[in-house]
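# Close look at the chain arrangement
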Amino acid sequence: MALIRLSKSSIGNEEIKNVNRILKKEFLGMGNEVISFEKKLSKYFKREVVCVVNGFSALHLSLEACGIGKKDEVLVPSLTYVATYQAISASGAKPVSCDVDFETLNISVNEIKKKITPNTKAIMPVWFGGNPSGIFEIYKIAKKFKLRVIEDSAHAFGSYINDKLVGSFGDISCFSFDGIKNITSGEGGCVVTNDKIIIKKLKEKRVLGIKIKKNQNKWSPQVTTQGWRCHMSNLMAAIGSAQFNKKNFLKKKRQKIAKIYDQKLSNNKNIKVFKRNYNQINPHIYPILNMKNSTNKLFLFMKKNNIEVGRHYFPNHLLKKFKSKKLKITESVSKKIITLPIHGDLSEKKQLKVIQCLKKFYV
Ligand SMILES: *Cc1c(COP(=O)(O)O)cnc(C)c1O
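Everything numeric in this text was worked out from a predicted model, so none of it was measured.

With an omega of 0°, the peptide bond between His312 and Tyr313 qualifies as cis. Within the secondary structure, Tyr313 sits in the loop between helix H10 (295–304) and helix H11 (328–336). Non-glycine residue Leu105 carries a positive phi angle of around 65°. Considering the arrangement of structural elements, one finds Leu105 in the loop between strand E3 (94–98) and helix H5 (109–115). At Asn306, a residue that is not glycine, the phi angle is positive and equals roughly 65°. Inspection of the secondary structure assignment puts Asn306 in the loop between H10 and H11. Given a relative accessible area of 33%, Asn306 falls into the partly exposed group.

Here is the structure:
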């Protein structure tokens, strides 16, 4: 049997047609296609949206737009992709590693309370596997200590909590549209917020700090802030726009896959599955814990059987650049965690093969 992929883009004729349309126009850079993609997203979130070149830039520019930099501290869970940490350190601020909650795998609320100092300026929670649980408690603490919340919602496009769409409320929410995320624009990302000042700053920062001209007849460029070159292109927006139209279809597929894993694996004593409400959450990854001391072996066993599995994530506080004190749950989880194939094109037949193979490992 062919390789079963952990994750992949799900691309159809709509994306190809859209990209061709842009190629034929010979306007590949940032233009009307980006504006129209932003309008679609904005209508969805009922908030303003700024599209950028990737999720990393969405986080980095958001921090800078909040004025967060040198001597500032940002609370972040160690169990995340290194992009979250690098975005904080790119702003000049210090990522302060927090442990995660064992059941949600999101930043632990108690850890936040413990690690707030006078230098803390923001919390950057990561919605692990698309699960935004803890979000309301986090906003309560942020309000009390006057902190900004910049959500790393890279996993959570299309996720709901208490029937509220992630990104449609709160302070700042950053999404990624990279090739394997819930929807993709090739590479890409966006920032969603109600804060008009942040929106204006982001729009400058993504195009080298160049201020948007009010009077088009007068040649008066102006730059007052550090900018970067990380806008989205028409070519990317063309893919993103086609993906956006099938977001619900793709979400239903992911939710169905997660429910089947839950059902088939939850009574296996060698495996811990995580209880999630997959009618609300759009599962970007599907984590399990291997409760035997054999995760490397399991990883290699699946690979030998032509099944890609993932290890999300290596703790950031164990990396040289971000080295900090022991975080018990993160370290224990990272030794046991395996993520199983989940994407819009995974057939039930292939998924059952993944489940079979897992069970075979434990006999
Ligand atoms: C993908 C991802 C990012 C970064 O997004 P890119 O578009 O790849 O830059 C950040 N945080 C998490 C948790 C991610 O999974």
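Looking now at the environment of Lys8. Relative to the elements of secondary structure, Lys8 occurs in the segment before helix H1 (13–25). Distance from Lys8 to Ala87, taken between C-alpha atoms, is 24 Å for residues 79 residues apart in sequence. Those residues within four positions of Lys8 in sequence are excluded, and the remaining contacts are Gly179, Ile180, His343 and Asp345.

This paragraph deals with the pairing of strand E9 (residues 189–193). Across the 5 residues that make up E9, a large majority, 5, are buried. Two strands pair when backbone bridges link them, and strand E1 (residues 48–52) and E9 are joined in this way by 5 bridges, in the antiparallel orientation. Looking at E9, one finds that Val50 is bridged to Val191. Two strands pair when backbone bridges link them, and strand E8 (residues 172–176) and E9 are joined in this way by 5 bridges, in the antiparallel orientation. What sits directly across from Ser173, in E9, is Val192.

Take the environment of Leu327 next. You can see Leu327 is positioned in the loop between H10 and H11. The sequence separation of Leu327 and Pro77 amounts to 250 residues, and the corresponding C-alpha distance is 9.9 Å. When sequence neighbours within four positions are dropped, the list of residues in contact with Leu327 reads Ser78, Ser97, Cys98, Asp99, Glu111, Lys115 and His317.

As a packed pair, helix H9 (residues 247–265) and helix H12 (residues 348–362) sit with axes 11 Å apart at the nearest point and diverge in direction by 30°. It follows from the interaxial angle that H9 and H12 lie roughly parallel. The handedness of the crossing between H9 and H12 is right-handed. Where H9 abuts H12, its residues Lys256, Ile257, Ile260, Tyr261, Lys264 and Leu265 lie against Glu348, Gln351, Leu352, Val354, Ile355, Leu358 and Lys359.

Here we take up the site of the ligand. Near the ligand, the surroundings consist of 16 residues, among which Gly55, Asp152, Ser176, Asp178 and Lys181 are the closest. At 2.7 Å, a backbone N or O of Gly55 approaches an oxygen atom of the ligand. Separating an oxygen atom of the ligand from a side-chain N or O atom of Asp178 is a distance of 2.8 Å. Contact with the protein chains removes 93% of the 380 Å² of surface that the ligand exposes when unbound. Listed by contribution, the elements that provide at least two residues to the shell around the ligand are helix H3 (55–65) and helix H4 (82–90).

With that settled, the discussion passes to the sheet that holds strand E12 (residues 337–340). If you walk across this open sheet you meet the 3 strands as E10-E11-E12, and the pairing is antiparallel. Two strands bound the open sheet, and with one partner strand each, they are strand E10 (271–273) and E12. Each neighbouring strand pair of the sheet contributes to a mean axis angle of 35°, computed without reference to strand direction. Relative to E12, strand E11 (residues 286–290) is paired through 4 bridges, and the arrangement is antiparallel. Paired with Ile288 across the strands is Ile338, a residue of E12. The strands touched by H10 are E11 and E12; relative to E12, the strand with the most contacts, the crossing angle is about 20°.

This brings us to H3. Burial analysis of H3 places 10 of its 11 residues in the buried class, which makes it a mostly covered element. At the C-terminal side of H3, Gly67 shows a positive phi close to 75°.

This part is about the pattern of salt bridges. Under the definition given, this model contains 17 salt bridges. Here Arg148 ties to Asp171 by a salt bridge, and the two come within 2.8 Å at their closest N and O atoms. One end of the pair, Arg148, is in strand E5 (residues 148–152); the other, Asp171, is in the loop between strand E7 (164–165) and E8, with 23 residues separating them in the sequence. When its relative accessible area of 23% is taken as the criterion, Arg148 is described as partly exposed. Overall, the relative accessible area of 18% leaves Asp171 in the buried class. What you see here is one network of salt bridges that share partners, running through Glu14, Glu15 and Lys246.

The rules we used
As a convention, each chain's residues are numbered from 1 in the sequence order in which they are written. Where totals are concerned, whole chains, interfaces and linings use all residues; where local detail is concerned, this predicted model gives features only for residues with pLDDT of at least 70, and gives and counts side-chain atom pairs only at 80 or more. With hydrogens and water set aside, each side-chain value is computed from the structure's full complement of heavy atoms. Counting from the N terminus, the helices are the DSSP runs of H or I reaching at least four residues and the strands are the DSSP runs of E reaching at least two. Residue exposure (1.4 Å probe, protein chains only): buried if accessible area is under 20% of the type maximum, exposed if over 50%, otherwise partly exposed. Contacts: residue pairs with any heavy atoms within 4.5 Å of one another. Being paired, for any two strands, means DSSP has found at least two bridges between them. Geometry is summarised by axes, namely lines fitted to C-alpha atoms with helices restricted to the contacting stretch, and by angles between N-to-C directions that run from 0 to 180 degrees. Small angles under 35 degrees read as roughly parallel and large ones over 145 as roughly antiparallel, with 65 to 115 read as roughly perpendicular and the rest as oblique. Each crossing is labelled by how the near helix is turned from the far one, with a counterclockwise turn of less than a right angle marking it left-handed and a clockwise turn marking it right-handed. When at least one non-hydrogen atom of a residue lies within 4 Å of a molecule or strand, that residue is treated as near it. Polar contact is the term for a pair of N or O atoms within 3.5 Å; when the atoms are in protein, one must be able to donate a hydrogen and the other to accept it, and sequence-neighboring residues count only if both atoms are side-chain atoms. Reported accessibility uses the Shrake-Rupley method at a 1.4 Å probe radius. Residues are deemed covered only where the shown protein chains occlude them. For this document, the term salt bridge refers to a Lys or Arg side-chain nitrogen within 4 Å of an Asp or Glu carboxyl oxygen.

In short, geometric facts, not functional conclusions.
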